[in-house]
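# Observations on the three-dimensional arrangement
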Amino acid sequence: MLGDGMGGVAASVLFDIGIASLQADTGDFDGDGLIDVAVGYGKESMGLLRSEQRGALSLVIAEPQPTLNHPRSVAVGDLDGHGLDDIVAGSFADQGGIAVLIADP
């Protein structure tokens, strides 16, 4: 929630990113210095909310990840040392597994 400039907070904003959103994590995925949000949801999809300069978030839906069925857990970190946060998503569906999404500088 954003500050309202008077010591309070502005009204919350809800994003419809799909069914069964269970976990989210934050990181700078596009190198703009602002914190973005990654969410695992639904069948074979990751949701991405990008921060804008004015402090709001905009919804960006990543392409389905066919190697991962029902991503539920999400972790973020710079896995390859290139200075951008990458995403690791885990699944408990079927036989489980992980998907690694490397940010493209």
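Everything discussed here concerns the structure shown above.
None of the values given here were measured: they were computed from a predicted structure. (Residues numbered from 1 in each chain as written. Predicted model: local features only at pLDDT ≥ 70, side-chain atom pairs only at ≥ 80, totals over all residues. Heavy atoms only, no water.)

### Quick look at the overall build of the protein chain
The secondary structure content of the protein chain amounts to zero helices and seven strands. The burial tally for the protein chain puts 32% of its 105 residues in the buried class. Within the protein chain, counting contacts between residues at least 6 apart in sequence, those at least 24 apart form 29% of the total. Entry remark: accessible area of the protein chain is about 6300 Å², with carbon and sulfur atoms responsible for 55%. (Helix = DSSP H or I, 4+ residues; strand = E, 2+ residues; numbered from the N terminus. Buried < 20%, exposed > 50% of the residue type's maximum accessible area, 1.4 Å probe, protein only. Contact = heavy atoms within 4.5 Å. Areas by Shrake-Rupley, 256 points an atom, 1.4 Å probe, with all protein chains shown as cover.)

### What about a nonpolar patch on the surface?
Together, Val13, Phe15, Leu57 and Leu59 line one region of the surface with nonpolar side chains, adding up to about 320 Å² of accessible area. In this structure, leucine 57 sits in strand S4 (residues 57-61). (Patch = residues over 30% accessible without salt bridge, like charges linked within 9 Å, V, L, I, M, F, W, Y side chains within 5 Å. Salt bridge = Lys/Arg side-chain N within 4 Å of Asp/Glu carboxyl O.)

### Here we look at the nonpolar core
Listed in full, the ten residues of the largest apolar core are Phe29, Ala38, Met46, Leu48, Leu68, Val74, Ile87, Ala89, Ala99 and Leu101. Elements supplying a minimum of two residues to this core: strand S3 (45-51), strand S6 (86-91) and strand S7 (97-101). (Core = buried A, V, L, I, M, F, W, Y, C linked by side-chain atoms within 4.5 Å.)

### Some details on the sheet that holds S7
The sheet built from three strands is open, its strands ordered S5-S6-S7 with antiparallel pairing. Because the sheet does not close on itself, it has two edges, and the strands there are strand S5 (71-77) and S7. Ignoring which end each strand starts from, the neighbouring axes of this sheet average 20 degrees apart. Note: S5 against S6, six bridges, orientation antiparallel. Across the sheet, the residue bridging to valine 74 is alanine 89, located in S6. (Pairing = 2+ DSSP bridges. Axes fitted to C-alpha atoms, helices over the stretch in contact; angles between N-to-C directions.)

### Some details on the pattern of salt bridges
Close approach of charged atoms allows side chains of opposite charge to pair. Taken as a whole, this structure holds one salt bridge when the rule is applied. As a salt-bridge pair, aspartate 30 and arginine 50 come within 3.3 Å of each other at their nearest N and O atoms. Within this pair, whereas aspartate 30 is found in the loop between strand S1 (23-27) and strand S2 (36-41), its partner arginine 50 is found in strand S3, the two being separated by 20 residues in sequence. Accessibility expressed as a relative area gives 31% for aspartate 30, which makes it partly exposed.

### Some details on the side chain of aspartate 28
Along the polypeptide, aspartate 28 turns up in the loop between S1 and S2. Among buried Asp, Glu, Lys and Arg side chains, aspartate 28 stands out as unpaired, with arginine 50 the closest opposite charge at 7.5 Å. In this structure the side chain of aspartate 28 is engaged in a polar contact, spanning 3.5 Å, whose partner is the backbone nitrogen of aspartate 30. Ignoring any residue separated from it by four or fewer positions in sequence, one finds aspartate 28 in contact with Gly33, Leu34, Asp36, Leu84 and Asp85. (Lys, Arg positive; Asp, Glu negative; His and termini not counted. Polar contact = N/O pair within 3.5 Å; in protein donor to acceptor, adjacent residues only side chain to side chain.)

### Description of the side chain of aspartate 36
Relative to the elements of secondary structure, aspartate 36 occurs in strand S2. Comment: no salt bridge for buried aspartate 36; closest opposite-charge side chain is arginine 50, at 5.0 Å. A polar atom in the side chain of aspartate 36 sits 3.1 Å from the backbone nitrogen of phenylalanine 29. A polar side-chain atom of aspartate 36 sits 2.8 Å from the main-chain amide nitrogen of serine 51. Not counting the four nearest positions on each side in its chain, aspartate 36 is found in contact with Asp25, Thr26, Gly27, Asp28, Phe29, Asp30, Leu48, Leu49, Arg50 and Ser51.

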